[in-house]
Amino acid sequence: MVTVYVHSEADNLPKKLGQYILNQQNKTLSRSNTFKIAISGGSLINVLRLGLIENKNISSKIKWDHWEIYFVDERIVPLNHPDSNYGAFKVAVLDNLTNSKLPKVFPINESLINNNNKSSHIKIAEDYEKLLPKQLDSLLLGCGPDGHTCSLFPGLKHKYLLEEQTKRVMWCHDSPKPPSDRITITLPVLNDSVEIAFVTEGESKQSIMHEIFDLKDLNLPTALINALYGDKVTWFVNDKAFAKVENKDI
Ligand SMILES: O=C1O[C@H](COP(=O)(O)O)[C@@H](O)[C@H](O)[C@H]1O
């Protein structure tokens, strides 16, 4: 069963998420030297800045030099492009790390980008798959208003991504949300990970939260992940996003 934390403004969702990540870090580093985490783009990035950089109580306890940071999905654009998930994370978080204890960060190989070239897109996905460890300690995911997460989109056109059982990273083409070409992790990576957290805020997510938590529509990648991996899934949502969910006793 999934765990859901619903936060009001005063509860401070970024602080709660920061505390959760810190606990994951400490738990992992008590048995290993490296904390391997994969993050999303979109609205999550600003929550990470607030929770891990601005919150000094938490930031002082983050052992960045023991972190390996990967991306659950990435748009196939140069790393300094405004649509790059790595680029957004760099500006919001990495550029604020002032001491020498920096994490190892694994962006896509931008030298492989060759515009509109199908085989180069596939190569970028294959190259990223080689970088990914067998097991990630923590996955931090977003949820789009259409129920997508990573670049796993609902609908027949993108079913090939959700159905993939072998490849761990795939090229997502014709993304309904621009940019059109992306790479994304697939379900085997979610299956192998230790913990999964979703972060969702705002009114624009109200309808989709109802579809995920009340209707449990398994055509939605997010609802499917709840059903498949519920025991290791935690949702951090704010009260605005959760306002239309009827079954609040999850
Ligand atoms: O395109 C993307 O969207 C999702 C959701 O973003 P959000 O801004 O609605 O939270 C994000 O998780 C994913 O990484 C990103 O590439």
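Residues numbered from 1 in each chain as written. Predicted model: local features only at pLDDT ≥ 70, side-chain atom pairs only at ≥ 80, totals over all residues. Heavy atoms only, no water.

Enquirer: Please clarify how the site of the ligand should be interpreted in this entry.
Expert: In the neighbourhood of the ligand, 15 residues make up the surrounding shell, with Gly41, Ser43, Asp73, Lys177 and Lys205 lying closest. A distance of 2.6 Å separates an oxygen atom of the ligand from a polar side-chain atom of aspartate 73. Histidine 148 places a side-chain nitrogen or oxygen 3.0 Å from an oxygen atom of the ligand. When grouped by side-chain class, the residues that make up the shell around the ligand number two nonpolar, eight polar and five charged. (Near = heavy atom within 4 Å. Polar contact = N/O pair within 3.5 Å; in protein donor to acceptor, adjacent residues only side chain to side chain. Nonpolar A, V, L, I, M, F, W, Y, C, P; charged D, E, K, R; others polar.)

Enquirer: Even after reading the chapter, I still don't get the UniProt feature "domain: Glucosamine/galactosamine-6-phosphate isomerase" (unreviewed entry) in the chain, so can you show me in this structure?
Expert: In the numbering used here, UniProt assigns the "domain: Glucosamine/galactosamine-6-phosphate isomerase" (unreviewed entry) feature to residues 9–227. This span, residues 9–227, is 36% helix and 15% strand, and a straight line between its end C-alpha atoms measures 29 Å. (UniProt positions renumbered as here; feature names shortened; annotations may be inferred. Helix = DSSP H or I, 4+ residues; strand = E, 2+ residues; numbered from the N terminus.)

Enquirer: How do you make sense of helix α8 (residues 206–213) when you look at a structure like this?
Expert: Given 3.6 residues per helical turn, the α-helix brings residues three or four places apart onto the same face. Restricting attention to buried positions, one finds in α8 the residues Gln206, Ile208, Met209, Ile212 and Phe213. One face of α8 carries all of its buried residues, which in axial projection span an arc of 160 degrees. (Buried < 20%, exposed > 50% of the residue type's maximum accessible area, 1.4 Å probe, protein only. Arc of directions from axis to C-beta.)

Enquirer: For this particular structure, what's the right way to read the sheet that holds strand β7 (residues 169–172)?
Expert: As a general point, the strands of a sheet are linked pairwise by backbone hydrogen bonds and lie either parallel or antiparallel. Reading across the sheet, the three strands line up as β4-β8-β7 and stay open at both edges, with antiparallel pairing between neighbours. Where the open sheet ends on each side, the last strands, each with one partner, are β4 (73–75) and β7. Adjacent strand axes in the sheet meet at a mean angle of 15 degrees when their direction is disregarded. The pairing of β7 with strand β8 (residues 182–185) spans four bridges and is antiparallel. Bridge pairing in β8 places valine 169 opposite isoleucine 185. Sheet contacts for helix α5 (residues 118–131): β7 and β8; angle to β7, the most-contacted strand, approximately 155 degrees. (Pairing = 2+ DSSP bridges. Axes fitted to C-alpha atoms, helices over the stretch in contact; angles between N-to-C directions. Contact = heavy atoms within 4.5 Å.)

Enquirer: Would you mind going over the nonpolar core with me for this structure?
Expert: One broad trend across soluble globular proteins is that nonpolar side chains are buried collectively. In terms of nonpolar packing, the biggest core is built from 80 residues, with Ile21, Ile39, Leu48, Leu190, Met209 and Trp235 touching the most fellow members. For leucine 48, the contacting residues outside a window of four places in its chain are Leu17, Ile21, Ile39, Ile53, Phe89, Val93 and Leu140. (Core = buried A, V, L, I, M, F, W, Y, C linked by side-chain atoms within 4.5 Å.)

Enquirer: Please clarify how a negative patch on the surface should be interpreted in this entry.
Expert: Residues Glu9, Asp11, Glu201 and Asp239 make up a contiguous surface patch of negative charge. Structurally, aspartate 11 can be placed in the loop between β1 (3–7) and α1 (13–29). (Patch = residues over 30% accessible without salt bridge, like charges linked within 9 Å, V, L, I, M, F, W, Y side chains within 5 Å. Areas by Shrake-Rupley, 256 points an atom, 1.4 Å probe, with all protein chains shown as cover. Salt bridge = Lys/Arg side-chain N within 4 Å of Asp/Glu carboxyl O. Lys, Arg positive; Asp, Glu negative; His and termini not counted. Charge placed at Lys NZ, Arg CZ, Asp CG, Glu CD.)

Enquirer: I keep staring at the pattern of salt bridges and nothing clicks. Help me out?
Expert: Where charged atoms from two side chains of opposite charge approach closely, those side chains can pair. If you walk through the whole model with that rule in mind, you get seven salt bridges. Note that lysine 134 is salt-bridged to aspartate 192, the shortest N-O span being 2.8 Å. On the criterion of sequence distance, the pair formed by lysine 134 in the loop between α5 and β6 (138–141) and aspartate 192 in helix α7 (residues 187–192) is long-range, its members being 58 residues apart. For glutamate 163, the salt bridge identified is with lysine 159, shortest N-O distance 3.6 Å. Residues joined in a network through salt bridges with shared partners are Lys134, Arg168 and Asp192.

Enquirer: So what exactly am I meant to see when it comes to the packing of helix α2 (residues 44–54) against helix α4 (residues 85–92) here?
Expert: The axes of two packed helices give the description: the angle between them and the distance between them. Taken N-terminus to C-terminus, the directions of α2 and α4 make an angle of 30 degrees; their axes are 9 Å apart at the nearest point. As far as their axial angle goes, α4 and α2 are roughly parallel. Seen along the crossing, α2 lies across α4 with a hand that is right-handed. Mapping the contact onto sequence places Ile45, Leu48, Arg49 and Ile53 in α2 and Asn85, Ala88, Phe89 and Ala92 in α4. (Parallel < 35°, antiparallel > 145°, perpendicular 65-115°, else oblique. Left-handed = near helix turned anticlockwise from the far one by under 90°.)

Enquirer: How do you make sense of the side chain of serine 40 when you look at a structure like this?
Expert: Position of serine 40 relative to the elements: it lies in the loop between β2 (35–39) and α2. Classification of serine 40 by relative accessible area gives buried; the value is 5%. Side-chain polar atoms of serine 40 contact the backbone oxygen of leucine 140, separated by 2.7 Å. In this structure the side chain of serine 40 is engaged in a polar contact, spanning 3.3 Å, whose partner is the backbone nitrogen of glycine 142. Setting aside anything within four residues of it in sequence, one finds serine 40 in contact with Ile45, Val72, Asp73, Leu140, Leu141 and Gly142.

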